[in-house]
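# Coordinates in review
What follows is the residue order along each chain.
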Amino acid sequence: MKKNRLLYLIFYFLQLAFQGNGQNKTIDSLKKLVNEAKSDTARTKALSNLSYELMCFGSYDEAMEYAVKEKDISEKTNNKNDVSDAYGLFGNIWFEKGNYSESLKNYFKSLEIGEAIGDKIKIADATENIGLVYYVQNKLNEALQKHLIALKIYSELEKKEGVANTYINIGNIYAIQKNYPEALKNFFAALETKKESSDKHAYLMLLSNIGTLYGEQKNNSKAMKYNLLALKKAEELNDKTIIADVYNGMGNMFFLEQKNDSAIKYFTKGLEIATEIGNIKYIKDNYNGLALTYAQQNKYKEALSSYKNFIVYRDSLFNEENTKKSVRVEMQYDFNKKETATKAKQEIKDALAKEEIQKQRILKISVTAGSVLLIAIMLLFFNRRKAKHNLQVNKLENKTLRSQLNPHFIFNALASIQKYMNEHPQQAQNYLAKFGKLMREVLENSEKEYISLEHEFAMLKKYMDLETLRVTNGFDYEFIIDKNTDEETIQVPPLIFQPIVENAIWHGVANSTIKGKITIRAVMENTLLKVEVENNNNQTVPISSGKKEELKKIKSFGLQIVKERLTLLSKEKNRKGKLMLFPIENGMKVIVEIPI
C-alpha cells in the first residue's frame with residue numbers, strides 16, 4: 001500500500017532550529033532585511049530566502065507574494081539570473097501545493113532563461129526540478145532521463161550538494177520500482193553530505209524515506225529508528241511537511257504489521273497536519289492509508305468514506321485538465337526553442353545576403369526549400385505530440401472508468417453482505433472475513449493501470465468463493481489456462497472480468513435447480529488475450545428462439561464499463577478488443593479479446 005514519497009531536495013530550504021513567540025525568528029529576520037535592504041540586489045536575495053522559508057513552513061500564499069516581488073524587481077533591473085530564480089521559486093511553490101501543470105510551466109521558463117544566459121547551474125537546477133514533476137506524475141523514464149542530465153552537469157561543476165540531491169532522486173525511482181538495495185545505496189551515499197548541509201528540510205525528508213524503505217522490507221526496528229529520528233528533528237524545526245510525511249510512513253509500517261489502532265492513529269495525525277498546511281498529496285496518502293486500515297478491521301463504512309475522500313484528492317492531483325496543461329507546457333517549451341533557433345539562422349542568412357548579393361537567387365531557393373522542410377518537420381512534430389496527448393487523455397478516461405467500477409463493485413458487495421447477514425446470521429462472520437480480504441485487494445489495486453493475469457484470476461476466485469455461499473444450490477468453477485499463456489507476465493486492467501463473472505452467476509447458475517458450473521478459459525492468440533466465460537445450468541434456453549431477449553437480461557452497468565474500457569484500451573494499443581455474448585444450450589458464453 002505504500003506510496004513512495006517524493007524528496008523535495010532541489011529546493012534548498014534555509015531553516016533554523018528554534019521559534020519565538022509563535023513565529024520563526026528566521027522569517028522575522030528576513031522580513032527585516034527586505035525592508036532595510038539598500039540595493040536591489042540585496043533586496044531580491046532577501047526576498048528569495050524569505051519565500052523559501054515561508055514555503056518550508058507551509059505558508060504557500062505568502063511565499064508566492066514575496067516570490068512575485070523578487071521577479072518584478074529582477075525584471076525591472078534586467079537581472080536575468082534572478083528572474084530565472086524567481087520562476088524556479090514559482091515552480092517550487094506550485095509543486096508543494098500539488099499543481100503540477102503550473103509547476104512544470106514555471107520550471108520550463110526557468111530552464112529557458114538559464115539556457116539563454118548559458119548558466120549551467122540554472123540549467124541543472126531547472127532540469128532536476130522538471131524530473132521531480134515527472135516523478136510524481138509517474139513518468140519514471142522521463143524523470144530518470146532528466147536526473148541523469150542534471151547529475152552530469154553537477155558532477156562536471158563539482159557541485160556536491162547538487163550531486164547528492166540527484167542521487168537521492170534517482171534513489172526514489174529505484175524505490176518505486178521496489179529495487180530496495182539500489183535505493184538505499186543512493187540514499188546513504190547522500191546522507192553524510194546532507195548532515196552538514198544547511199538544507200535541513202532535505203536531510204529530514206531523506207531520513208523519513210530511509211525509514212519508509214526499511215518499513216517496506218519489514219525491517220521494523222530500523223524503520224522505527226529513522227522515522228523517530230526524522231520526527232524528533234522535524235518537531236524541533238517545526239517542519240510540518242516532514243511531520244506529515246513521517247506520520248504517514250509510520251502509519252504504513254503499523255498497517256503492514258496489522259497493528260490497526262496504531263496505524264489509524266498516525267494516519268489521522270498525518271491527515272490533520274497535511275490539512276493544516278494544505279498539502280494535497282499527503283491528504284490523499286493518509287486517506288488511502290485509513291481506507292485500507294479500516295478495511296483490514298472490517299469497518300467497511302469508515303473504509304468506504306475514507307476511500308471516497310482519497311478518490312477526490314487523488315483526482316484533484318491527476319485530473320485530465322492538469323495533464324493537458326502539462327502537455328501544452330512541454331509543447332510550448334519545445335516550440336520556443338525551435339523558434340529561437342529559426343530566428344538565429346535567419347539573421348545569419350540575412351548577413352550573408354548583404355555581403356554576397358550575387359548569391360541571392362541561390363539563397364532564396366535554399367530558404368524556400370528549408371522552409372518547406374521545416375514546415376514538414378513541424379507538422380510531423382505536432383502530429384506526434386497530438387498522438388501522445390490523445391494517449392494521455394485516453395489513459396485518464398480509463399482511470400475514470402476504473403474509479404466508477406470500484407465503487408460499483410463495493411456497493412454491490414455491501415448489499416450482498418446485508419442480505420447474507422439477514423438470511424444466514426451464523427455464517428456471516430466467515431463471509432465478512434473473506435469479503436474483507438477481497439476488498440483489501442480491490443483497494444490496493446485501485447490506482448494501478450494494469451495487474452498480472454495471475455493476480456486478476458486470484459481475485460476472481462476469491463469473489464466466486466464468496467458468491468457460491470449465497471447461491472441456493474451453489475456452483476463449481478474451473479480455470480483452464482493454455483500452457484503457452486504466462487499468467488505472471490501478461491498484464492490486464494484490474495477487475496476487467498469481474499462484471500462478466502457476476503452476470504454468469506446471477507443470470508446463469510443462480511437460476512439453476514441443480515449445482516451449476518462456470519468455466520473460464522484463457523489463451524494467447526498472437527497479440528490478443530482471449531478469455532471465455534461460460535456458465536452451465538439445467539435451464540435450457542433454445543438458441544434459435546429468444547436470443548434477443550436472453551441478451552437483454554445480461555445488460556448491466558458493469559458490462560457497459562467493460563465495453564468502454566475495451567474501447568479505450570483498443571485505442572491505446574492500436575489493436576481492436578472485443579466483447580461478444582453467445583447464448584448456448586443450458587447457459588451463456590461470453591468471449592473477451594484483450595489487446596496485450
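Only a predicted model underlies this, so the values are computations on that prediction, with no experimental measurement involved.

Scanning the protein from terminus to terminus reveals 22 helices and nine strands. Burial status across the protein gives 51% buried among its 596 residues. Within the protein, residue pairs in contact and separated by at least 24 positions form 69% of the contacts whose partners lie at least 6 positions apart. With the model as given, the accessible surface of the protein reaches about 28,100 Å², and the carbon-plus-sulfur share is 51%.

Its 16 residues place the ends of helix H9 (residues 180-195) 22 Å apart at the C-alpha level, agreeing with the 22 Å of an ideal helix rising 1.5 Å per residue. By the burial criterion, the buried members of H9 are Tyr180, Ala183, Leu184, Asn186, Phe187, Ala190, Leu191 and Lys194. For H9, the secondary structure elements touched by its buried residues are helix H8 (160-176) and helix H10 (200-216).

Let us now look at the nonpolar core. In terms of nonpolar packing, the biggest core is built from 95 residues, with Met464, Phe497, Ile505, Ile520 and Leu579 touching the most fellow members. Once residues lying within four places of it in the same chain are set aside, the contact partners of Ile505 are Tyr463, Met464, Glu467, Val471, Phe475, Ala510 and Ile518.

Applying the stated criterion across every chain, the model contains 12 aromatic pairs. Centre to centre, the rings of Tyr247 and Tyr266 are 5.9 Å apart; their planes meet at 40°, and the pair counts as tilted. With Tyr247 in helix H12 (residues 240-256) and Tyr266 in helix H13 (residues 260-277), the pair connects residues that are 19 residues apart, well separated along the chain. For Tyr266, a relative accessible area of 15% translates into the label buried. A centroid spacing of 6.1 Å and a plane angle of 40° characterise the contact between Tyr307 and Phe310, whose relative ring orientation is tilted. Separated by three residues within a single helix, Tyr307 and Phe310 lie in helix H15 (residues 300-317), roughly one turn from each other. The class of Tyr307 is buried, set by a relative accessible area of 3%. Of the aromatic side chains, those joined through ring pairs into one cluster are Phe457, Tyr477, Phe479 and Phe497.

A separate point is the packing of helix H14 (residues 280-296) against helix H18 (residues 428-444). For any two helices packed against each other, the geometry comes down to the angle between their axes and how far apart the axes lie. Direction vectors running N to C along H14 and H18 enclose 165°, while the axes themselves pass 9 Å from each other. If you check the angle between H14 and H18, you find them roughly antiparallel. Judged by the sense of rotation from one axis to the other, the crossing of H14 with H18 is left-handed. Across the interface between the two elements, Ala291, Leu292, Ala295 and Gln296 of H14 pack against Gly436, Arg440, Leu443 and Glu444 of H18. Counted by class, the contact of H14 with H18 contains four nonpolar, two polar and two charged residues.

Now for unusual backbone geometry. Although it is not a glycine, Asn138 sits at a positive phi angle of roughly 65°. One can find Asn138 in the loop between helix H6 (120-136) and helix H7 (140-157). Notably, Lys218 is not glycine yet its phi reads approximately 65°, a positive angle. Along the polypeptide, Lys218 turns up in the loop between H10 and helix H11 (220-237).

Further remarks concern the confidence of the model for the protein. Per-residue confidence for the protein gives a mean pLDDT of 80; residues scoring 70 or more make up 77%. Here residues 1-23 is a poorly scored stretch, pLDDT under 50, and it has 110 contacts once near neighbours within four places are set aside; other chains count.

Turning our eyes to something else, we now look at the sheet that holds strand S6 (residues 516-525). Read from one edge to the other, the open sheet built from five strands follows the order S4-S6-S7-S9-S8, with strand pairing classed as mixed. Of all the strands in the sheet, the pair left with one neighbour each is strand S4 (475-481) and strand S8 (578-584). Pairs of neighbouring strands in the sheet enclose a mean axial angle of 15°, with direction left out of account. Helix-sheet contacts for helix H19 (residues 453-470) involve S4, S6 and strand S7 (528-536), and the interaxial angle to S4 is about 170°. The strands that helix H20 (residues 498-506) touches are S4, S6, S7, S8 and strand S9 (587-595); relative to S7, the one it contacts most, it runs at about 15°.

The element S9 is extensively covered by neighbouring structure, given that eight of its nine residues are classed as buried. With nine bridges connecting them, S7 and S9 associate as antiparallel partners. Among the inter-strand pairings, Asn535 is bridged to a residue of S9, identified as Met588. Pairing between S8 and S9: seven bridges, direction antiparallel. Bridging across to S9, Ile584 finds its partner in Gly587. The turn joining S8 and S9, which pair antiparallel and follow one another in sequence, is formed by two residues; a positive phi near 65° is taken by Asn586.

Here seven bridges tie S4 to S6, and the two strands are oriented parallel to one another. Within S6, the position partnered with Phe479 by the bridge is Ile520. The sheet contact formed by S6 and S7 spans nine bridges and is antiparallel. Looking across to S7, one finds that Met524 is bridged to Leu529.

A word on helix H3 (residues 60-76). Between its first and last C-alpha, H3 extends 24 Å over 17 residues, near the 24 Å set by a 1.5 Å rise per residue. Taken together, the buried positions of H3 are Tyr60, Ala63, Met64, Tyr66, Ala67, Glu70, Lys71, Ile73 and Ser74. Of the surrounding secondary structure, the elements contacted by the buried residues of H3 are helix H1 (25-36), helix H2 (40-56), helix H4 (80-97), H12 and H13. In the stretch just after H3, Asn78 is the one whose phi turns positive, near 55°.

On to the pattern of salt bridges. Scanning the model with the defined rule gives 20 salt bridges in all. Across the pair Glu65 and Lys69 runs a salt bridge whose closest N-O atoms are separated by 3.8 Å. Here the residue Glu65 and the residue Lys69 both occupy positions in helix H3, the gap between them amounting to four residues, near one helical turn. Note on Lys69: relative accessible area 38%, which makes it partly exposed.

Turning our attention to the side chain of Lys284. On the secondary structure map, Lys284 appears in helix H14. When its relative accessible area of 6% is taken as the criterion, Lys284 is described as buried.

Closest axis-to-axis distance for the H13/H14 pair is 9 Å, and the angle between their directions is 160°. As judged from the angle between their axes, H13 and H14 are roughly antiparallel. As for the relative orientation of H13 and H14, their crossing is left-handed in sense. Where H13 abuts H14, its residues Asn260, Ala263, Ile264, Tyr266, Phe267, Thr268, Gly270, Leu271, Ala274 and Thr275 lie against Tyr282, Ile283, Asn286, Tyr287, Gly289, Leu290, Thr293, Tyr294 and Gln296.

What counts, and at which threshold
Each chain has its residues counted from 1, running along the sequence as written. Note on the predicted model: pLDDT of at least 70 is required for a residue's local features to be given, and 80 or more for side-chain atom pairs to be given and counted; whole-chain, interface and lining totals, by contrast, use all residues. Side-chain calculation: all heavy atoms of the structure are included, whereas hydrogens and water are not. Numbering goes from the N terminus for both helices and strands, where a helix is a DSSP run of H or I of at least four residues and a strand is a run of E of at least two. Whether a residue is buried, partly exposed or exposed follows from its accessible area with a 1.4 Å probe, protein chains only, as a fraction of its type maximum: under 20%, in between, or over 50%, in that order. When checking whether two residues touch, look at their non-hydrogen atoms; a contact exists if any pair is within 4.5 Å. Using the Shrake-Rupley algorithm and a 1.4 Å probe, accessible areas are obtained, with residue cover drawn only from the displayed protein chains. Given a helix with a known number of residues, its expected span is that number minus one, times 1.5 Å. Take the buried Ala, Val, Leu, Ile, Met, Phe, Trp, Tyr and Cys residues and link them wherever side-chain atoms come within 4.5 Å; each set so joined is a nonpolar core. The aromatic pairing rule takes the rings of Phe, Tyr and Trp, using the six-membered ring of Trp, and pairs them if the centres are within 6.5 Å, calling planes under 30 degrees apart stacked, those over 60 edge-to-face and the rest tilted. In this description, a line fitted to the C-alpha atoms serves as the axis of each element, helices being fitted only across the stretch in contact, and the angle between N-to-C directions of two axes falls anywhere from 0 to 180 degrees. Note on angle classes: values under 35 degrees are labelled roughly parallel, values over 145 roughly antiparallel, values of 65 to 115 roughly perpendicular, and the remainder oblique. Rotating anticlockwise by less than a right angle from the far helix to the near helix defines a left-handed crossing, while the corresponding clockwise rotation defines a right-handed one. Amino acids are sorted into nonpolar (Ala, Val, Leu, Ile, Met, Phe, Trp, Tyr, Cys and Pro), charged (Asp, Glu, Lys and Arg) and polar (every other residue, Gly among them). For every residue, the predictor assigns a confidence score, pLDDT, that lies between 0 and 100. Two strands pair under a simple rule: DSSP has to find at least two bridges between them. Any carboxyl oxygen of Asp or Glu that lies within 4 Å of a side-chain nitrogen of Lys or Arg is treated as forming a salt bridge with it.

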